[in-house]
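Understanding the architecture of this molecule
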Amino acid sequence: LPGLRVLTYHSVGAPTGPDPCGTVMDPDLFRAHVAALASWRAVLPPAPFGPASDAVPRLAVTFDDGYRDTLTTAAPLLAAEGIPFTVFVPAAHLGTPNYLDAAGLRELAALPGASVGAHGAGHVPLTRLDDAELAAELSGSRRRLEDALGAAVDRMSYPFGLVDARVRDAARAAGFAVAGTSVYGTNLPGRDPLLLRRTEAVAWD
């Protein structure tokens, strides 16, 4: 299909407890996904994550939640094939079990083709927050990641994919230029860059 389709992964191999939604993908299956992406290299966009620049078929790769296996398992496979990717990290998860710490985050960001974005501070549903809580959650997530990376962070994905007009406007006010939702589909030029559609890849895909 024409337009930019953004794939969303979560964990690749790490145990995270009960997984009814299939967010933990077997590493061998992910390796097969990477091989398929490499065979479709012509449709990979030059930037890891952003709005569609044209209407031809393109694919981008993203990860939500900042699991450590993104660095140890997924990133080496993607980097070996020259496939760009973006990792969206909840700031409060840094350094907790199974998640990246600040050093791992910097190591990940230094890989060719890798970029880091926010995924909320505490990974809470943003639509349920009042205005003050929402502003603090968004600005806090950005500030903590920027402090850890020593670099600007201007992209994010909405925790649980939950976004409405108020949350979208708050994300823009907090300094984000691009954001991903959990709305399925492709993105054509002109799509709001703060409401980009994504396609989740799960354990049985």
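I will try to describe carefully the structure that is included in this document. (Residues numbered from 1 in each chain as written. Predicted model: local features only at pLDDT ≥ 70, side-chain atom pairs only at ≥ 80, totals over all residues. Heavy atoms only, no water.)

1. Re the packing of helix H1 (residues 27–39) against helix H2 (residues 68–80)
- Between H1 and H2, the least distance of the axes is 10 Å, while the angle of their chain directions is 20°. Relative to H2, the element H1 lies roughly parallel. The chirality of how H1 crosses H2 is right-handed. Of the residues in H2, those in contact with Pro27, Phe30, Arg31 and Val34 of H1 are Thr73, Ala74, Leu77 and Leu78. (Axes fitted to C-alpha atoms, helices over the stretch in contact; angles between N-to-C directions. Helix = DSSP H or I, 4+ residues; strand = E, 2+ residues; numbered from the N terminus. Parallel < 35°, antiparallel > 145°, perpendicular 65-115°, else oblique. Left-handed = near helix turned anticlockwise from the far one by under 90°. Contact = heavy atoms within 4.5 Å.)

2. Remarks on the side chain of Asn187
- On the secondary structure map, Asn187 appears in the loop between strand E8 (178–180) and strand E9 (199–200).
- There is a polar contact of 2.8 Å between the side chain of Asn187 and the backbone nitrogen of Arg197.
- The contacts of Asn187, once residues within four sequence positions are left out, are Gly3, Leu4, Val6, Ala52, Leu196 and Arg197. (Polar contact = N/O pair within 3.5 Å; in protein donor to acceptor, adjacent residues only side chain to side chain.)

3. Quick word on the pattern of salt bridges
- Scanning the entire structure with this criterion turns up eight salt bridges.
- Between Arg58 and Asp54 there is a salt bridge; the shortest N-O distance is 2.9 Å.
- Here Arg168 and Asp169 are joined by a salt bridge, their closest N and O atoms 3.3 Å apart.
- A relative accessible area of 15% places Arg168 in the buried class.
- Residue Asp169 is classed as partly exposed on the basis of its relative accessible area of 45%.
- Via salt bridges that share partners, Arg168, Asp169 and Asp192 belong to a single interconnected network. (Salt bridge = Lys/Arg side-chain N within 4 Å of Asp/Glu carboxyl O. Buried < 20%, exposed > 50% of the residue type's maximum accessible area, 1.4 Å probe, protein only.)

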